[in-house]
Amino acid sequence: MDTAFLDRLDARLAELDDAGRRRSLRPLRPVDGAMAVERDGRRLVNFSSNDYLGLACHPALIDRAAAWAAEWGVGATASRLVCGSFELHAVLEAKLAAFKGTEAALILNSGFQANEAVLSALLLPEVAGTAPLVFADRLAHASMHEGLKAAGVRQIRFRHNDLQHLADLLEKHAGEPGPRFIVTETVFSMDGDRADLPALCDLAERFGCFLYVDEAHATGVLGPQGRGLAADPAVKGRIDLVMGTFGKALGGFGAYVACSARLRDWLVNRCAGFIYSTALPPPVLGAIDAALDLVPTLEAERARLTAHGGRVRAALADYGIDTGASTTQIVPAVLGDERAALAAAARLEEAGLLAVAIRPPTVPAGGSRLRLALSAAHTDAGIDRLLEALAP
Ligand code: PMP
């Protein structure tokens, strides 16, 4: 090993340390249906998990994961194009397409990998030419920005959810050759606000753009029967590709894209992150399958989640804490300064609550916050405790 390289690693880590930004992993154990965790012998109610419907420890998911493992084994044994494409994948993809209301769907191994790999495959020069124009919301998830970087394409960022800015940029570049792509999220992970999908569809149609949306935080939670905002009748069939994950409201792990059969076919043939990675294994597929059966029936849970969100936002507004433009189960308590966010997280931990401070570079400088992720599985008493702990 090159010692100069190791010295540079040490120096960069020391810099992170000095800036108070060196991260470390703190193991914990989920207890009480995953709505609480135990760490260092202490029990904390969890307000940082994306288990929005409380499915991560749901018996139906656990039972089907165990049943499918018993029947099919714990590994897919190879990538999909080799011998890892089980009947289970095909059945689940048909079910997913029906759930999302699209012609086809494809399962991928994680949301990060899906965004990175799928965008790269869509932007290959053989289909996108050498100068595609990609208009991306400034706050789109890191995985999308990484995908665009990996594809080596020019990225034109528009101000977060500012569709007038997007329209101006589309107009400005109207004379340039090359296909156009708009890339955004339907619910933003750190802010809990929503994209205006009908207006985005209008713009995409007006300027002839491919519209790519990430429904990681909407899947299971929003839209008709929790099918996501892209399943809303006002936009159904107007979005070229919808991606989402199974690791949040659906309680498990993995990701999907829902799109036309033609796009799916392209990904099966040319998406390196799909082609060269071992397929998701049967127990993971079992949990997804059970979640897809359950999610449309969970109207009461979604209503409860909406109520929790409204209650937390109203209380934080009373306390003078900024919650930005959140309208969903993700409620940021924006505190600005990194130290203030860390101190607030430490105070909550003292009170038996886990709400991790989110700091730059995950959020813009000056936007440090507690990202409060609410769940239908939180009790009213749990929300009471959170609000008491946040009270000035
Ligand atoms: N997209 C968004 C908007 C996300 O918040 C996340 C998870 N942080 C991902 C994609 C990545 O999904 P996964 O965790 O399945 O890799």
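What you are looking at is a predicted structure, and each value in this text was computed from that prediction instead of being measured.

Conventions and cut-offs
- Residues numbered from 1 in each chain as written.
- Predicted model: local features only at pLDDT ≥ 70, side-chain atom pairs only at ≥ 80, totals over all residues.
- Helix = DSSP H or I, 4+ residues; strand = E, 2+ residues; numbered from the N terminus.
- Rg over C-alpha atoms; globule rule 2.2 N^0.38 Å.
- Buried ≥ 20, exposed ≤ 12 C-beta atoms within 10 Å, placed from the backbone.
- Contact = placed C-beta atoms within 7 Å.
- UniProt positions renumbered as here; feature names shortened; annotations may be inferred.
- Near = placed C-beta within 6 Å.
- Nonpolar A, V, L, I, M, F, W, Y, C, P; charged D, E, K, R; others polar.
- Axes fitted to C-alpha atoms, helices over the stretch in contact; angles between N-to-C directions.
- Parallel < 35°, antiparallel > 145°, perpendicular 65-115°, else oblique.
- Pairing = 2+ DSSP bridges.
- Expected span 1.5 Å × (residues − 1).
- Domains from an automatic or database assignment.
- Arc of directions from axis to C-beta.
- Core = buried A, V, L, I, M, F, W, Y, C linked by C-beta atoms within 7 Å.

The helix and strand inventory of the protein stands at 15 helices and 14 strands. For 392 residues, the compact-globule estimate of 2.2 N^0.38 gives 21 Å, and the C-alpha radius of gyration of the protein, at 21 Å, lies within 12% of that figure. Principal-axis analysis of the C-alpha atoms gives the protein an extent of 55 × 55 × 55 Å. Across the 392 residues of the protein, 48% fall into the buried class. Counting contacts in the protein only where the partners sit at least 6 residues apart, residues at least 24 apart contribute 71% of the total.

All right, on to the UniProt feature "modified residue: N6-(pyridoxal phosphate)lysine" (unreviewed entry) in the protein then. The UniProt feature table records "modified residue: N6-(pyridoxal phosphate)lysine" (unreviewed entry) at Lys-248. Counting through the fold element by element, Lys-248 comes out in the loop between strand 9 (241-245) and strand 10 (255-259). Excluding residues that lie within four positions of it along the chain, Lys-248 makes contacts with Asn-50, Tyr-52, Ala-216 and His-217.

Close to the ligand lie 14 residues; Ser-110, Gly-111, Phe-112, Ser-189 and Ala-216 are nearest. With 3 residues, the single largest contributor to the shell around the ligand is helix 5 (residues 111-122). Residue composition of the shell around the ligand, by class: 3 nonpolar, 9 polar and 2 charged.

So, about the UniProt feature "domain: Aminotransferase class I/classII large" (unreviewed entry) in the protein. Following the UniProt record, the feature "domain: Aminotransferase class I/classII large" (unreviewed entry) maps to residues 44-390 here. As annotated, residues 44-390 has a helix share of 44% and a strand share of 16%, and its two end C-alpha atoms lie 15 Å apart.

Time to look at the packing of helix 8 (residues 163-172) against helix 9 (residues 197-207). Remark: helix 8 packs on helix 9, axes separated minimally by 11 Å, with the N-to-C direction vectors making an angle of 5 degrees. It follows from the interaxial angle that helix 8 and helix 9 lie roughly parallel. Contacts from Leu-163, Leu-166, Ala-167 and Leu-170 of helix 8 reach helix 9 at Ala-199, Leu-200, Leu-203 and Phe-207. Split by residue class, the contact of helix 8 with helix 9 holds 8 nonpolar, no polar and no charged.

Our focus in this paragraph is the pairing of strand 5 (residues 133-137). For strand 5, the buried fraction is high: 5 of the 5 residues fall into the buried class. Across the two faces of strand 5 the burial is the same, with Leu-133, Phe-135 and Asp-137 and Val-134 and Ala-136 all buried. With 4 bridges connecting them, strand 5 and strand 7 (residues 180-185) associate as parallel partners. When the sheet's bridge partners are listed, Leu-133 is paired in strand 7 with Arg-180.

Before going further, it helps to spend a moment on helix 2 (residues 59-72). For helix 2, spanning 14 residues, the distance from its first C-alpha to its last is 19 Å, which sits close to the expected 20 Å at 1.5 Å a residue. Buried residues belonging to helix 2 abut helix 4 (87-100) and helix 12 (282-294).

Now for the domain arrangement of the protein. Each assigned domain of the protein is listed with its residue range as follows: domain 1 (24-53 + 298-390) and domain 2 (60-296). One C-alpha centre belongs to domain 1, the other to domain 2; they are set 26 Å apart. With 20 residues of domain 1 in contact, the opposing surface of domain 2 contributes 18 residues. When residues of the side of domain 1 that touches domain 2 are assigned to their parent elements, the largest contribution, 3 residues, is made by strand 11 (residues 330-336). When grouped by side-chain class, the residues that make up the side of domain 1 that touches domain 2 number 10 nonpolar, 7 polar and 3 charged.

For helix 4, which comprises 14 residues, the first-to-last C-alpha distance of 20 Å matches the rise-based estimate of 20 Å (1.5 Å per residue) to within 8%. Looking only at helix 4, the buried set comprises Leu-88, Leu-92, Leu-96, Phe-99 and Lys-100. Projected down its long axis, helix 4 carries its buried residues within an arc of 85 degrees, all on one side. Residues of helix 4 that are exposed and point over 90 degrees away from its buried face: Glu-87, Ala-90, Val-91 and Ala-94. Residues of helix 4 that are buried sit in contact with helix 2, strand 4 (104-108), strand 9, strand 10 and helix 12. Positive backbone phi, at 70 degrees, marks Gly-101, one or two positions downstream of helix 4.

With that out of the way, let us pick up the nonpolar core. If you look at the biggest cluster of nonpolar residues, it comprises 119 residues, and the most contacted ones within it are Val-118, Tyr-256 and Val-257. A domain split of this core shows at least three residues from each of domain 1 (24-53 + 298-390) and domain 2 (60-296). Residues in contact with Val-257, not counting those within four places in the same chain, are Ala-105, Leu-106, Leu-108, Ala-114, Val-118, Leu-241, Val-242, Met-243 and Leu-267.

As summarised here, the arrangement of the 4 strands in space is 1-2-3-12, forming an open sheet in which the pairing is mixed. Either end of the sheet is taken by a strand with one partner, and the two such strands are strand 1 (29-31) and strand 12 (353-354). Pairing analysis gives 4 bridges linking strand 2 (residues 36-39) to strand 3 (residues 42-46), with the strands arranged antiparallel. When the bridges of strand 3 are listed, Arg-39 appears paired with Arg-42.

Between Pro-360 and the following residue, Pro-361, the backbone shows a cis peptide bond with an omega angle of 10 degrees. Positionally, Pro-361 belongs in the loop between strand 13 (357-358) and strand 14 (368-373). Phi is positive for Asp-40, which is not a glycine, with a value near 50 degrees. Note that Asp-40 resides in the loop between strand 2 and strand 3. Residue class for Asp-40 comes out exposed when judged on the 8 C-beta atoms lying within 10 Å of it. One non-glycine residue, Gln-225, lies in the positive phi region at around 55 degrees. Topologically, Gln-225 is positioned in the loop between strand 8 (209-214) and strand 9.

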